[in-house]
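Here are the chains, one letter per residue:
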Amino acid sequence: MNVLHSTQIIIREALSKLGYPDEMYELLKEPLRLLTVRIPVRMDDGHMQIFTGYRAQHNDAVGPTKGGVRFHPDVNEDEVKALSIWMSLKCGIVDLPYGGGKGGIICDPRKMSFRELERLSRGYVRAISQVVGPSKDIPAPDVMTNSQIMAWMMDEYSRIREFDAPGFITGKPIVLGGSHGRETATAKGVTMMIYKALQKKDIAIHNARVIIQGFGNAGSFLAKFMHDAGARVVGISDANGALYNPDGLDIPELLERRDSFGTVTNLFSNTITNREMLEQECDILVPAAIENQITRENAHRIKAGIIVEAANGPTTLEATKILTDNGILLVPDVLASAGGVIVSYFEWVQNNQGYYWTEEEVEAKLRKKMEDSFENVYQLHLTRKVDMRLAAYMSGVRKMAEASRYRGWI
Ligand code: GLU
């Protein structure tokens, strides 16, 4: 089942549990808008390559749409649509004045030069400029995009509009109006969720064994935070393979040696596969890479007591049921990975007011939103006797459904 279809199934269930009629599902099951663009880029060897990109805007009843842009060879229409719906849910759960949006370009940035990436980033903004903007749809980083790419995109948009527009995009470098704490925000949010989950299970962080799949922005900072907190990080992985050591890995060394895309395992010979790593002994498992990693094939072999989803869509519908039945506490993606968009919102607020906050202020505000949202979802899961994912969807869909109703769309 693809990610869009499985998301639609849970949206339908969440809306029906909340008592909304079928029309509401018809409105929310797909993005309101999906733009497909073709981007010509002059490559360094002189030939012209045409890239395909997308921007999906799920629902803008609450406010402008918001969400990242990913550069990845597997980007496709249904994935971008599902990702935009997940952004709506995240914004609903943590109560931001946004709907969800998402963009993607089919490309492999690991095989492109710095200048090719700049031309592609600028070309994408020229192609989508009419549907985006600081009070329309605000992009941000996602898989394999970073603050440099955001800087090029912001510059291109500002040139087109002929005014400086820092609020057009978030995840920018600090000197261009980025927020303190944005780079580490997803990992900080995940860390806060791990603490909440450990509290519910009455386990201490000290010596808790953690496996983290993915060593990109979220995974690598999370490994650092877990290591600093005294947890034992026993497994990490990248797209090429995984490292596992029951006594704990040398995280500072791995962080030192990773490249900017989070690749590190190719420097070692004693690797195992990503699949094998997910099934190793641990207390906390954090999928922080891509979709569909925990499926009905491997879910019953997972040994962790807690799963906190830092990636978008790492667990399938069938796997969620198996994990829940096995008593695993699952903190779903739409809640666990919301730290990034929360601090993006803070960045946009700071850009709009032109007054900037300290890292401590940002972290305190992030903590309040993440912890309150965890409690909301957890209580909903207990009182309505639904799994954590359905509880999160119920919490996330409510605001946009209400806003759509007030606007007279349903
Ligand atoms: N791409 C991130 C996400 O999936 C962040 C989005 C944002 O900051 O707007 O949540």
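The rules behind these values
Residues numbered from 1 in each chain as written. Predicted model: local features only at pLDDT ≥ 70, side-chain atom pairs only at ≥ 80, totals over all residues. Heavy atoms only, no water. Helix = DSSP H or I, 4+ residues; strand = E, 2+ residues; numbered from the N terminus. Rg over C-alpha atoms; globule rule 2.2 N^0.38 Å. Buried < 20%, exposed > 50% of the residue type's maximum accessible area, 1.4 Å probe, protein only. Contact = heavy atoms within 4.5 Å. Areas by Shrake-Rupley, 256 points an atom, 1.4 Å probe, with all protein chains shown as cover. Near = heavy atom within 4 Å. Polar contact = N/O pair within 3.5 Å; in protein donor to acceptor, adjacent residues only side chain to side chain. Nonpolar A, V, L, I, M, F, W, Y, C, P; charged D, E, K, R; others polar. Axes fitted to C-alpha atoms, helices over the stretch in contact; angles between N-to-C directions. Parallel < 35°, antiparallel > 145°, perpendicular 65-115°, else oblique. Patch = residues over 30% accessible without salt bridge, like charges linked within 9 Å, V, L, I, M, F, W, Y side chains within 5 Å. Salt bridge = Lys/Arg side-chain N within 4 Å of Asp/Glu carboxyl O. Pairing = 2+ DSSP bridges. Left-handed = near helix turned anticlockwise from the far one by under 90°. Phe/Tyr/Trp six-rings, centres within 6.5 Å; stacked < 30°, edge-to-face > 60°. Lys NZ or Arg CZ within 6 Å of the ring centre and 35° of its normal. Core = buried A, V, L, I, M, F, W, Y, C linked by side-chain atoms within 4.5 Å.

A. Representation of the overall build of the protein chain within the structure. In terms of regular secondary structure, the protein chain is built from 14 helices and 12 strands. Its C-alpha atoms give the protein chain a radius of gyration of 20 Å, near enough to 22 Å, the size a compact globule of 410 residues would have. Overall, the C-alpha framework of the protein chain stretches about 55 × 55 × 40 Å when taken along its three principal axes. Sorting the 410 residues of the protein chain into buried and exposed places 59% on the buried side. Residue pairs at least 24 apart in sequence account for 69% of intrachain contacts in the protein chain once pairs closer than 6 positions are excluded. For the protein chain, the exposed area adds up to about 16,400 Å²; of that, 49% sits on carbon and sulfur atoms.

B. Examining the site of the ligand more closely. Taken together, 14 residues surround the ligand, and among them Lys-66, Lys-90, Pro-141, Asp-142 and Ser-344 come closest. Within the side chain of Lys-102, one N or O atom sits 3.0 Å away from an oxygen atom of the ligand. Here an oxygen atom of the ligand sits 3.0 Å away from a polar atom, N or O, in the side chain of Arg-182. Here the ligand, which alone exposes 300 Å², has 95% of that area covered by the protein. Those elements giving two or more residues to the shell around the ligand turn out to be helix H3 (77-93) and helix H12 (339-353). Considering only residue class, the shell around the ligand consists of 4 nonpolar, 5 polar and 5 charged.

C. View of the packing of helix H1 (residues 3-17) against helix H14 (residues 388-406). H14 packs onto H1 with a crossing angle of 70° between their chain directions and a minimal axis gap of 9 Å. When the axis of H1 is compared with that of H14, the two are roughly perpendicular. Facing Thr-7, Ile-10, Ile-11, Glu-13, Ala-14, Leu-15 and Lys-17 of H1, the residues of H14 in contact are Arg-389, Leu-390, Tyr-393, Met-394, Val-397 and Ala-401. When its residues are assigned to classes, the contact of H1 with H14 shows 9 nonpolar, 1 polar and 3 charged.

D. Here's a closer look at a nonpolar patch on the surface. There is a patch of nonpolar side chains on the surface, built from Leu-32, Trp-409 and Ile-410 and spanning about 250 Å² of accessible area. Its place among the elements puts Leu-32 in the loop between helix H2 (22-28) and strand E1 (33-42).

E. Structural view of the environment of Ile-128. As for its placement among the helices and strands, Ile-128 is situated in helix H4 (residues 114-128). Separated by 102 residues in sequence, Ile-128 and Gly-230 place their C-alpha atoms 45 Å apart. Setting aside residues up to four positions removed in sequence, Ile-128 forms contacts with Leu-35, Val-37 and Arg-55.

F. Just the sheet that holds strand E7 (residues 209-213), in detail. With respect to topology, 6 strands assemble into an open sheet ordered E9-E8-E7-E10-E11-E12, the strand pairing being mixed. For this open sheet the edge positions go to strand E9 (241-244) and strand E12 (329-331), each flanked by a neighbour on one side alone. Here the strands of the sheet are splayed against their neighbours by 15° on average, with no regard to which way each runs. Across 2 bridges, the pairing between strand E10 (residues 284-287) and strand E11 (residues 306-308) is parallel. Within E11, the residue paired with Leu-285 across the bridge is Ile-307.

G. Structural context of the pattern of salt bridges. Taken as a whole, this structure holds 35 salt bridges when the rule is applied. In this structure, the salt-bridge partner of Arg-70 is Glu-291, at a minimum N-O distance of 3.0 Å. Here the residue Arg-70 occupies a position in strand E4 (residues 69-72), and Glu-291 occupies one in the loop between E10 and E11, the gap between them amounting to 221 residues. Accessibility classification places Arg-70 together with Glu-291 in one group, the buried group. Ionic pairing is found between Glu-347 and Lys-172, a salt bridge with its closest N-O pair at 2.7 Å. Residue Glu-347 is located in helix H12, and its partner Lys-172 is located in the loop between helix H5 (147-161) and helix H6 (185-201); the two are separated by 175 residues in the primary sequence. Each member of the pair, Glu-347 as well as Lys-172, carries the same accessibility label: buried.

H. Up close: the packing of H6 against H12. Across the interface, H6 lies against H12 with an axial gap of 7 Å and an inter-helix angle of 125°. Between H6 and H12, the angle falls in the class oblique. In the crossing of H6 with H12, the sense of the turn from one axis to the other is right-handed. On the side of H6, the interface is formed by Ala-185, Thr-186 and Gly-189, while H12 contributes Gly-339, Gly-340 and Val-343. Tallied by class, residues from the contact of H6 with H12 come to 2 nonpolar, 4 polar and no charged.

I. Spatial organisation of the packing of aromatic side chains. Scanning all chains against the criterion turns up 9 aromatic pairs. Taking the centre distance of 6.3 Å and the plane angle of 35° together, the rings of Tyr-345 and Trp-348 count as tilted. In this pair, Tyr-345 and Trp-348 are both assigned in helix H12, 3 residues apart and thus about one turn of the helix distant. Exposure class is identical for Tyr-345 and Trp-348. Each is buried. One aromatic cluster is present, built from ring pairs that chain together Tyr-98, Tyr-345, Phe-346, Trp-348 and Trp-357. For the cation-ring pair, Lys-365 lies above Trp-357, with the distance from its terminal atom to the ring centre recorded as 4.5 Å. Between Arg-405 and the ring centre of Tyr-406, over which it is positioned, the NZ or CZ distance is 5.2 Å.

J. Region of the structure containing the nonpolar core. Counting residues in hydrophobic clusters, the biggest one holds 85 residues, and the most contacted among them are Leu-15, Leu-89, Met-193, Ile-194, Ile-236 and Val-286. The greatest single-element share of this core, amounting to 9 residues, is contributed by H14. Not counting chain neighbours up to four residues away, the residues in contact with Leu-89 comprise Ile-11, Val-334, Tyr-393, Gly-396, Val-397 and Met-400. Counting residues in hydrophobic clusters, the runner-up holds 25 residues, among them Val-69, Tyr-124, Val-125 and Tyr-157.

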